[in-house]
Amino acid sequence: MDTQSYMPVPPGIGMEENFFSLDDILLSHERLPCRLQTTFPRLGFLEKSSDTQDIPEGTKMEMPLWLAKGLYEQKRRVLTVELPKVYREGWRTVFGADPNVVDLHKMGPYYYGLGSQMLHFDSPENPEVAQTILQTFIGRFRRIMDSSQNAYDSDTSALVERLDCLERALFRAGQSGLNAFQRWEKGHAHLTASNLVINYRKRKLADMNS
Amino acid sequence: MDPSEVEFLAEKEMVQIIPNFSLDKVYLIGGDLGPFNPGLPVQVPVWLALNLKQRQKCRIVPPEWMDVQKLEEIREQERREETFTPIPSPYYMELTKLLLNHAADNIPKADEIRTLVKDIWDTRIAKLRLSIDSFISHQEAHAKLDNLTLMEINTTRSFLLDSLNSMYKLRSNTQPGSAAEKTMDY
Amino acid sequence: MFCEKAVELIRELHRMGDGQLPAFNEDGIRQVLEEMKALYEQNQSDVNEAKAEGKSELIPTIKFRHNCLLRNQRCIAAYLYDRLLRIRALRWEYGSVLPTNIRFHMCAEELEWFNQYKKSLATYMKSIGGEGGLDITQDMKPPKSLYIEVRCLKDHGEFEIEDGTVILLKKNSQHFLPRWKCEQLIRQGVLEHVIS
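Cut-off values and rules
- Residues numbered from 1 in each chain as written.
- Chains lettered and ligands numbered in written order.
- Predicted model: local features only at pLDDT ≥ 70, side-chain atom pairs only at ≥ 80, totals over all residues.
- Helix = DSSP H or I, 4+ residues; strand = E, 2+ residues; numbered from the N terminus.
- Rg over C-alpha atoms; globule rule 2.2 N^0.38 Å.
- Buried ≥ 20, exposed ≤ 12 C-beta atoms within 10 Å, placed from the backbone.
- Contact = placed C-beta atoms within 7 Å.
- UniProt positions renumbered as here; feature names shortened; annotations may be inferred.
- Domains from an automatic or database assignment.
- Nonpolar A, V, L, I, M, F, W, Y, C, P; charged D, E, K, R; others polar.
- Pairing = 2+ DSSP bridges.
- Axes fitted to C-alpha atoms, helices over the stretch in contact; angles between N-to-C directions.
- pLDDT = per-residue confidence, 0-100.

## So, the overall build of chain C
- Each helix and strand in chain C was counted, giving six helices and five strands.
- A globule of 196 residues ought to have a C-alpha radius of gyration of about 16 Å, yet chain C, at 25 Å, is considerably larger.
- Projected onto its principal axes, the C-alpha positions of chain C cover 85 × 35 × 25 Å.
- In chain C, which comprises 196 residues, the share counted as buried stands at 22%.
- Long-range pairs, those at least 24 residues apart, make up 59% of the contacts in chain C between residues at least 6 apart in sequence.

Pasting the structure below:
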């Protein structure tokens, strides 16, 4: 069966997250450099570098996105969040020159997702960040489309390796549409074993061998 | 949609056959069929035509457009024009495959027709890709899909929709206040 | 940092992107719930202290822990929900009887849920399509013919077809069978559809 019966909750993409999406949960686990603007009493044990009881105001620490988002308030000074390098001006220039040369998996792998999420935090650079990720997407789109449409039976792993998560999902969507058509064209549209069943069997074999 | 489902829809198209048996009119929910008389042409749905053909009960008359000269014209026009040209059958790809696979002996120059249809398909798909790309790079908001067939749309549907959706979301980012207003913190 | 255990649960599922069901991580869930209990109790006492003694400086810490509680809650809910999606898919891929090695991966509540789902689906299928009901898990693709040629990929024992004939499904034997009778076995990898 080509159609998978298991359809996971898709990620929200952009500024909204989907509550149940595994992708979004992992995305919101990405760590951001933060500076605290208030003291957090009794949580000192979370900071390995200090042995005080509190985390004092002014501490620089990395926080997962979900926590920074939860604590951040526009009106009150609780913490400031620094833009990760890949969204700062230096990299923005690189993306502006040629978005195709960048290994977004290494820089991400949630380049678009995290970039969009950064817009939740006030920063004068936000408009440029939003523009850059949009232009990067547009600039890389052609290559993703072309390779996903020519990939039948050919090795695309080198290209896919450099794609961010969102791009990979697009690549797979393009490929499955094309593969389904080509299978039909070649007349291979017969009944097949479920992929899930096959993968289970592979795993069972692997377990037996190890 | 799976391509086999698109093919299934194509099997409802009518085609002319010349039966070699006789049978009174058959009344079915989907419409009446027949009557069938040896040597007398009659219109039937493709699924029935193929079934009868497989049992050597009829000869299939290829649709008018399934002709080398006509297809060459279409191919040239398709290559010349930037937009999608009107195609004589909304199921040209499916019907070509079905009829050529099961009734090639009833279709003159079957191999040439196969190649021509494939050329037309390839030209149109290349065009489709080109227009998707320019659609994305110009950040268009809507597109006309005139003259595209179901099978053509179907091969690119999920890719196109996911791409447009992503672009829409990333574009909303650049317009603060639109989507940014009400978001939940988890 | 808090909530590391919870995200580990999510990673476990995410690694198996094809929909396989890993063993129910009872221990992981228990650890997350323990962390939540501790967070809740600490917050409870800090809230009381903040109220009684006017210690408003505790508020950032209370919010901090509260966010961790919500995060753990989200991870556990997503873990359980995604597993249900996988379990539901199993009904469509394997049919109503699951292999034991897969059942071992489910907790008691999940088995119960699977049985309920199976029943609802059966009740629905009985209610449609006239007297005999309609098996909507069959013919996932438009069938081309009533009978198909199949080859046995493993010994499966005896198999009864609709007219009462019993055939022996022996490895490498080939049969011409009603399509609707073998679709499930093909999906399970017992039979292989042969195209002549």
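Having seen the model, we can carry on.
## Side note on the UniProt feature "domain: DNA replication complex GINS protein PSF1 C-terminal" (unreviewed entry) in chain C
- The feature "domain: DNA replication complex GINS protein PSF1 C-terminal" (unreviewed entry), as annotated in UniProt, sits at residues 144-195 of chain C in this numbering.
- When the span residues 144-195 of chain C is considered, its composition is 17% helix and 44% strand, and the gap between its end C-alpha atoms is 12 Å.

## Thoughts on the domain arrangement of chain C
- If you check the domain split of chain C, you get domain 1 (4-127) and domain 2 (147-194).
- Relative placement of domain 1 of chain C and domain 2 of chain C: their C-alpha centres are 40 Å apart.

## Here's the deal with the domain arrangement of chain A
All names here are of chain A.
- Domain annotation of chain A identifies domain 1 (7-82) and domain 2 (91-210).
- Between the C-alpha centres of domain 1 and domain 2 there is a distance of 27 Å.
- Taken together, the twelve residues of domain 1 in the interface contact eleven residues of domain 2.
- For the side of domain 1 that touches domain 2, the secondary structure elements donating two or more residues are helix 1 (22-27) and helix 2 (65-71).
- Partitioned by chemical class, the residues of the side of domain 1 that touches domain 2 number seven nonpolar, two polar and three charged.

## Considering the sheet that holds strand 2 (residues 60-64) of chain A
All names here are of chain A.
- The sheet built from three strands is open, its strands ordered 2-1-3 with antiparallel pairing. The sheet terminates laterally at strand 2 and strand 3 (79-81), the two strands that pair on one side only. Pairwise comparison of adjacent strand axes, ignoring direction, gives a mean angle of 40 degrees for this sheet.
- Both strand 1 (residues 31-36) and strand 2 contribute to a ladder of five bridges, which runs antiparallel. Its bridge partner lying in strand 2, Cys34 is registered against Met61.

## Observations regarding the interface of chain C and chain B
- Facing five residues of chain C, the contacting portion of chain B comprises five residues.
- Class assignment for the residues of the side of chain C that touches chain B results in two nonpolar, no polar and three charged.

## Re the sheet that holds strand 1 (residues 147-152) of chain C
Residues and elements named next belong to chain C.
- Spatial strand order, 4-1-5: three strands in an open sheet with antiparallel pairing. The open sheet has two edge strands, strand 4 (174-178) and strand 5 (191-194), and neither has a second partner. With strand direction ignored, the average angle separating the axes of adjacent strands in the sheet is 45 degrees.
- The sheet contact formed by strand 1 and strand 5 spans four bridges and is antiparallel. Opposite Glu149, over in strand 5, you have Val194 as the bridge partner.

## Topic: the interface of chain A and chain C
- Every contact between the two is made by 36 residues of chain A and, on the other side, 37 residues of chain C.
- Of all the elements in the fold, those that place two or more residues in the side of chain A that touches chain C are helix 1, helix 2 and helix 9 (195-209) of chain A.
- Here the element with the most residues in the side of chain A that touches chain C is helix 9 of chain A; it accounts for seven residues.
- Residue composition of the side of chain A that touches chain C, by class: 24 nonpolar, ten polar and two charged.

## Some thoughts on unusual backbone geometry
- Put simply, Gly108 of chain A and Pro109 of chain A share a cis peptide bond, and its omega is 0 degrees.
- Note the cis peptide between Gly34 of chain B and Pro35 of chain B, where omega equals 0 degrees.
- Take Pro35 of chain B: it is sitting in the loop between strand 3 (31-33) and strand 4 (42-45).
- The backbone of Ile13 of chain A sits at a positive phi, close to 55 degrees, despite the residue not being glycine.
- In this structure, Ile13 of chain A sits in the segment before helix 1.

## Quick word on the confidence of the model for chain A
- Per-residue confidence for chain A gives a mean pLDDT of 88; residues scoring 70 or more make up 93%.
- The lowest-confidence element of chain A is helix 9 of chain A, averaging 74 in pLDDT; the highest-confidence one is helix 1 of chain A, averaging 97.

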